[in-house]
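Each chain is listed here by its residues.
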Amino acid sequence: MEATLAAPSSLTSLPFRTNSSFGSPSLLFRSPLSSVSMTTTTTARGNVAVAAVATSTEALRKGIAEFYNETSGLWEDIWGDHMHHGFYDPDSSVQLSDSGHREAQIRMIEESLRFAGVTDEEEEKKIKKVVDVGCGIGGSSRYLASKFGAECIGITLSPVQAKRANDLAAAQSLSHRVSFQVADALDQPFEDGKFDLVWSMESGEHMPDKDKFVKELVRVAAPGGRIIIVTWCHRNLSAGEKALQPWEQNILDKICKTFYLPAWCSTDDYVKLLQSHSLQDIKCADWSENVAPFWPAVIRTALTWNGLVSLLRSGMKSIKGALTMPLMIEGYKKGVIKFGIITCQKPL
Ligand code: SAH
């Protein structure tokens, strides 16, 4: 089944293809994916399509929650509380024995802040309230709250992660300033203009409706607030190119199934979405080379005795995740996967 729904404007018309493993066949959409309200305005054929999308979006949300409920403990045991790539100097060869990976994950946070222009004390002082959208077990939130002396709220779809994140905050005596809850990034339980820093570290790839995702990030940002999106993207399409090559799409589809991801978009797509909101200082970069040592290191860890035992104990989702890691490496090597950062500032 294929459906094309009229987009309200050309800027919201990025085509996102849902992954067939989430209850709907391949659908090409030209408007926000999960807006159930659209059923009232479309044709009978459109109604069917939108209902299928609502179902697939719900299935995706459930899949993401279950995936992180099951795998977060294993990740924390082996890699600690940051569930994101490390940032390395290009061409650095990092061996398993190096203690450099955790520092590289912290460096990812620091490099992201620097890229976004949070470079001096003056800028740091302005950050009093932070939202961590897709917070995992709260590694970024606790780090940012401590660094800025700020309040931080993290949201995740996984109840297990939210609980663990709150427990870790309590253990670090941060509960008065840092808290976590289960909430959807596409429908955030916060008033407009609340946060000086809107932080999304490797959660955007899970969002089935990038337009709505960006709208929510912009909505909750305070005037003058910064938005930082660090996320898995596919390569930018060249002029005249309408879609990725089938072999490229094939790699992404397999990754989507294991990691509970909807269709991917490019950094160019994010930039266009941000441009549609009159934001300032929109910047993006491709950090693929800086994260290249990461997945090989994760695989090496998984192949140790402790890694294998923990993996087997953790369950099928973790095992499937481990088996998919070589595809991430292949995707980067072949240039179809890009590790992107996109930042901007909301005008005062
Ligand atoms: N940012 C964290 C975790 C990245 S893992 C870190 O750097 O450690 C991806 C996270 O995105 C998970 O916590 C997952 O629950 C969250 N996520 C995915 N889709 C989401 C959604 N729609 N709403 C809220 N959180 C979401």
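Please read these numbers as outputs of a predicted model, since none were measured by experiment. (Residues numbered from 1 in each chain as written. Predicted model: local features only at pLDDT ≥ 70, side-chain atom pairs only at ≥ 80, totals over all residues. Heavy atoms only, no water.)

Participant: What exactly am I supposed to notice about the packing of helix α11 (residues 305–314) against helix α12 (residues 316–333) here?
Facilitator: Think of two packed helices as two axes; the pair is described by the angle between the axes and how far apart they sit. Contact pair α11 / α12: the axes reach a minimum separation of 6 Å and the direction vectors enclose 130 degrees. Classed by the angle they form, the pair α11 and α12 counts as oblique. Residue-level contacts link Leu311, Leu312 and Ser314 of α11 to Ser318, Ile319 and Ala322 of α12. Here the residues of the contact of α11 with α12 are counted per class, giving 4 nonpolar, 2 polar and no charged. (Axes fitted to C-alpha atoms, helices over the stretch in contact; angles between N-to-C directions. Helix = DSSP H or I, 4+ residues; strand = E, 2+ residues; numbered from the N terminus. Parallel < 35°, antiparallel > 145°, perpendicular 65-115°, else oblique. Contact = heavy atoms within 4.5 Å. Nonpolar A, V, L, I, M, F, W, Y, C, P; charged D, E, K, R; others polar.)

Participant: Mind showing me how you'd approach the site of the ligand here?
Facilitator: Taken together, 20 residues are adjacent to the ligand, and Met83, His84, Gly134, Gln161 and Met201 come closest. Contacts to the ligand include Thr156, whose side-chain N or O atom sits 2.8 Å from an oxygen atom. One of the backbone N or O atoms of Leu157 is found 3.3 Å from an oxygen atom in the ligand. Against a free-state accessible area of 570 Å², the protein chains account for coverage of 98% of the ligand. If you list the elements that add at least two residues to the shell around the ligand, you get α1 (44–79) and β4 (151–156). Among the residues forming the shell around the ligand, the class breakdown is 10 nonpolar, 8 polar and 2 charged. (Near = heavy atom within 4 Å. Polar contact = N/O pair within 3.5 Å; in protein donor to acceptor, adjacent residues only side chain to side chain. Areas by Shrake-Rupley, 256 points an atom, 1.4 Å probe, with all protein chains shown as cover.)

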